[in-house]
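Read off the chains here:
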Amino acid sequence: MIDALLIVAPIFALVIVGWLAGRLRLLGPHAASELNRFVVWLALPALMFNVIATADWQALWQPGFIATFGLSAGVSMAVALLVCWRRHGRLTDAAIDALNSAYSNVGFVGFPIALLALGQAALVPATIAAIITMCVVFAATIVLIEAGLRNEPHWLKLGLKVSGTLARNPILSASAAGAIWMSLDIALPASAHTFFELLGGAASPCALVALGLFLSSRRAAEPASTTRHHGITAILVGCKLVLHPFLAWLLARFVFDLSTFMTQAVVLMAALPAGTGGFMLADYYRRDAKASSQAILASTVLSVATIAMVLSVLA
């Protein structure tokens, strides 16, 4: 548990830095939004392109693990989406909130926890989980958001409008470009790889600082709908820390018959706290980010205990 606490401590430190910067007015009133725009338009696209373009797809082709992690994340998000949709009445807000039930923080927490608990071999399943989370789960959420924003009764016209919007999305465009580069079987030049690593490495820290700035702002401190936010937060955290890993264990153990090592890895990746994806999309689309920010912080705090429990049970 102490090791898990030490791993998640930098997350709190970055959020606190952002919160202090907001309280002390070190940055402008629009700093949170502008910093988040930097993440969405520059840092995260660079990270996605670099991860996909340089991935060893032969080593990463683990069908059982992919199906287990993807299905468990999908079901967890579907459950949260239905609950949030009933409460919100709006698909866009429900999709943003529901993302927190399936968006595992693999980058900040997953890789160090996997190395600590399972060793160097765990880098492969951790990378698979990161790609599924940042590409498949994130992309599906953007599709739902765009569908909710379009008041088009005809499915064909709706599909064309959503497809056009998705083609202009920087994160999805960068992911597609990375996949095209990877398919060409050409090594990324060293200078380009360094550039994308430097720019992409700023994605998570900047998103966490932006989260702290948001929490320090007046709009985050508004008391309206506090009970509703807390109720949704509890549902999202429960889906992320309990339902997601439990479904992963069921699928790994009884459906896909994964090895002991892969079962441990997939359950551990599913048990990770929520990453900053929900907050980034909420701020990017100018929606209420309070439930997402609360879910990220609450799941990160509670994950210290739940990850320790998962590791002890799996051991």
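Up top is the structure.
Residues numbered from 1 in each chain as written. Predicted model: local features only at pLDDT ≥ 70, side-chain atom pairs only at ≥ 80, totals over all residues. Heavy atoms only, no water.

A. Summary view of the nonpolar core. Formed by 87 residues in total, the largest nonpolar core has its most connected members in Leu-44, Phe-65, Val-109, Phe-138, Val-266 and Met-269. Counting residues per element, this core draws most heavily on helix 7 (residues 123-149), which supplies 13 residues. Setting aside its immediate chain neighbours within four residues, Met-269 contacts Phe-65, Phe-69, Ser-104, Val-106, Gly-110, Ala-114, Pro-125, Ala-126, Ala-129 and Lys-240. (Core = buried A, V, L, I, M, F, W, Y, C linked by side-chain atoms within 4.5 Å. Buried < 20%, exposed > 50% of the residue type's maximum accessible area, 1.4 Å probe, protein only. Helix = DSSP H or I, 4+ residues; strand = E, 2+ residues; numbered from the N terminus. Contact = heavy atoms within 4.5 Å.)

B. Seen up close, the layout of surface pockets. Empty space within the second largest pocket amounts to approximately 350 Å³. Around the second largest pocket sit 25 residues that line it, and Leu-47, Gly-107, Phe-108, Met-134 and Ser-204 are the ones nearest its centre. The set of elements that each furnish at least two residues to the lining of the second largest pocket consists of helix 2 (31-53), helix 6 (106-118), helix 7, helix 10 (190-200) and helix 11 (203-216). Per-class residue counts for the lining of the second largest pocket are 14 nonpolar, 10 polar and 1 charged. (1 Å grid on protein atoms, 1.4 Å probe; cavity = no way out; pocket = protein on both sides within 12 Å on 5 of 7 lines; lining within 4 Å. Points joined across faces, edges and corners; volume = space filled by probe spheres on them. Nonpolar A, V, L, I, M, F, W, Y, C, P; charged D, E, K, R; others polar.)

C. Local environment of the packing of helix 4 (residues 63-88) against helix 14 (residues 260-270). As a packed pair, helix 4 and helix 14 sit with axes 10 Å apart at the nearest point and diverge in direction by 25°. By the criterion of interaxial angle, the relationship of helix 4 to helix 14 is roughly parallel. In the crossing of helix 4 with helix 14, the sense of the turn from one axis to the other is right-handed. On helix 14, the residues touching Phe-65, Thr-68 and Phe-69 of helix 4 are Met-262, Ala-265, Val-266, Met-269 and Ala-270. (Axes fitted to C-alpha atoms, helices over the stretch in contact; angles between N-to-C directions. Parallel < 35°, antiparallel > 145°, perpendicular 65-115°, else oblique. Left-handed = near helix turned anticlockwise from the far one by under 90°.)

Remember that the coordinates give geometry; whether it matters functionally is a separate question.
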